[in-house]
Amino acid sequence: KAEALVRWQHPQRGLVSPVEFIPLAEASGLIVELGEWMFRESAQWARRWRDEYHPEFQVSINQSPLEFQREGQGYERWFEHLEKIGLEGAAMVVEITEGLLLDASTDVTDKLLQLRDAGVQVALDDFGTGYSSLSYLKKFDIDYLKIDRSFTRNLAPQSSDMALSEAIIVMAHKLGLRVVAEGVETAEQRDLLLAAGCDYGQGYLFARPMPAEEFDSMLRSQRTLA
Ligand code: MN
């Protein structure tokens, strides 16, 4: 699996962080076009990585609440694009944050249903840091919980972060969700999470953020090694 992250290579300023330009994109409305572009790019790579490396390869993309909540816009264009490149919905995961589900209007519910009908999976990002209202976990079709990096950071045996992570994993599994730990940086964190039954991990221990072309080469060299 891979998570798509966006960076802006500016001709004069160099690499601009999303922390700087996403709020501007949201304020100006450009977030909609940016989101569409990111979706097409990510789908294109997912197509390639499924063909080349693994038939179940998935790419997840983050959706800003503003982008998700924009009125009157569904996912039709995404689904058209998937059809055009012959990619099934299950190749994509949409990451949303807890806050979105708290004041779930029919519009939000409707969009989640659209995704489910198209086979696109949904992940709850930064889980455990927001309101963590648990009732929405049974109310909506969520596929993955992503344990926030703030829990992973201080993982140690018998720590409260360990207890919370274990509880999140057990709860998620009982509800039929799978768990991704964010921010895994050390082998000890990985081992504690594995022992707690965590399904997936992401973070610097495995790979730093890198351009898609580099990720592609990494997959290729791993296949050669295998
Ligand atoms: Mn994310």
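Everything quoted here is computed from the prediction, not taken from an experiment.

### Things to note about the overall build of the protein chain
Scanning the protein chain for helices and strands turns up 11 helices and nine strands. For 226 residues, the compact-globule formula gives about 17 Å, and the C-alpha radius of gyration of the protein chain, at 18 Å, lands near that figure. Dimensions of the protein chain, computed from the C-alpha atoms along their principal axes, are close to 45 × 45 × 40 Å. Each of the 226 residues in the protein chain was classed as buried or not, and the buried ones make up 41%. Approximately 12,500 Å² of the protein chain is accessible, and the part contributed by carbon and sulfur atoms is 52%. Taking the 23 positively charged and 36 negatively charged side chains of the protein chain as two groups, their mean positions are separated by 3 Å.

### Considering the packing of helix H2 (residues 31-52) against helix H4 (residues 76-84)
In the contact formed by H2 and H4, the axes pass within 11 Å of each other and the chain directions differ by 25 degrees. Here H2 is positioned roughly parallel relative to H4, judged by the angle of their axes. For the crossing formed where H2 meets H4, the hand is right-handed. Contact residues: H2 offers Glu-36, Phe-39, Arg-40, Ala-43 and Gln-44, while H4 offers Arg-77, Trp-78, His-81 and Leu-82.

### Describing the coordination of the manganese ion
For the manganese ion, every protein donor is listed as Glu-3 (OE), Asn-62 (OD1), Glu-95 (OE) and Asp-125 (OD), and the spread of their distances is 2.1 to 2.3 Å. Each donor residue of the manganese ion lies on the same chain, and together they follow the pattern E-x58-N-x32-E-x29-D. With a gap of 30 residues between them, Glu-95 in strand S5 (residues 92-97) and Asp-125 in strand S6 (residues 121-127) connect regions that are remote in the sequence. For Glu-95, a relative accessible area of 2% corresponds to the buried category. For Asp-125, a relative accessible area of 8% gives the class buried.

### A word on the nonpolar core
Core analysis: the largest hydrophobic core is formed by 56 residues, its most contacted members being Trp-49, Met-92, Ile-96, Leu-101 and Leu-124. Per element, the largest residue contribution to this core is six residues, and it comes from H2. In contact with Leu-124, not counting residues within four places along its chain, are Ile-96, Thr-97, Glu-98, Leu-101, Tyr-136, Leu-137, Ile-142, Tyr-144, Leu-145 and Lys-146.

### Comments concerning helix H6 (residues 106-117)
End to end, H6 covers 16 Å across 12 residues, agreeing with the expected 16 Å (1.5 Å per residue, within 8%). Where H6 is concerned, the buried positions are Val-108, Lys-111, Leu-112, Gln-114 and Leu-115. Around the axis of H6, the buried residues are gathered within 155 degrees of arc, so they sit on the same side. In this structure, H6 carries Thr-106 and Asp-117 as exposed residues pointing more than 90 degrees from its buried face. Two residues or fewer past H6, Gly-119 is found with a positive phi of approximately 85 degrees.

### Focus on unusual backbone geometry
Its identity as a non-glycine residue notwithstanding, Asp-126 has a phi of 50 degrees, on the positive side. Within the fold, Asp-126 resides in strand S6. Even without being a glycine, Gln-158 presents a positive backbone phi close to 65 degrees. Of note, Gln-158 is situated in the loop between helix H8 (149-153) and helix H9 (160-174).

The rules behind the values
Residues numbered from 1 in each chain as written. Predicted model: local features only at pLDDT ≥ 70, side-chain atom pairs only at ≥ 80, totals over all residues. Heavy atoms only, no water. Helix = DSSP H or I, 4+ residues; strand = E, 2+ residues; numbered from the N terminus. Rg over C-alpha atoms; globule rule 2.2 N^0.38 Å. Buried < 20%, exposed > 50% of the residue type's maximum accessible area, 1.4 Å probe, protein only. Areas by Shrake-Rupley, 256 points an atom, 1.4 Å probe, with all protein chains shown as cover. Lys, Arg positive; Asp, Glu negative; His and termini not counted. Charge placed at Lys NZ, Arg CZ, Asp CG, Glu CD. Axes fitted to C-alpha atoms, helices over the stretch in contact; angles between N-to-C directions. Parallel < 35°, antiparallel > 145°, perpendicular 65-115°, else oblique. Left-handed = near helix turned anticlockwise from the far one by under 90°. Contact = heavy atoms within 4.5 Å. Donors = N, O, S within 2.8 Å, 3.2 Å for Na, K, Ca; no water. Core = buried A, V, L, I, M, F, W, Y, C linked by side-chain atoms within 4.5 Å. Expected span 1.5 Å × (residues − 1). Arc of directions from axis to C-beta.

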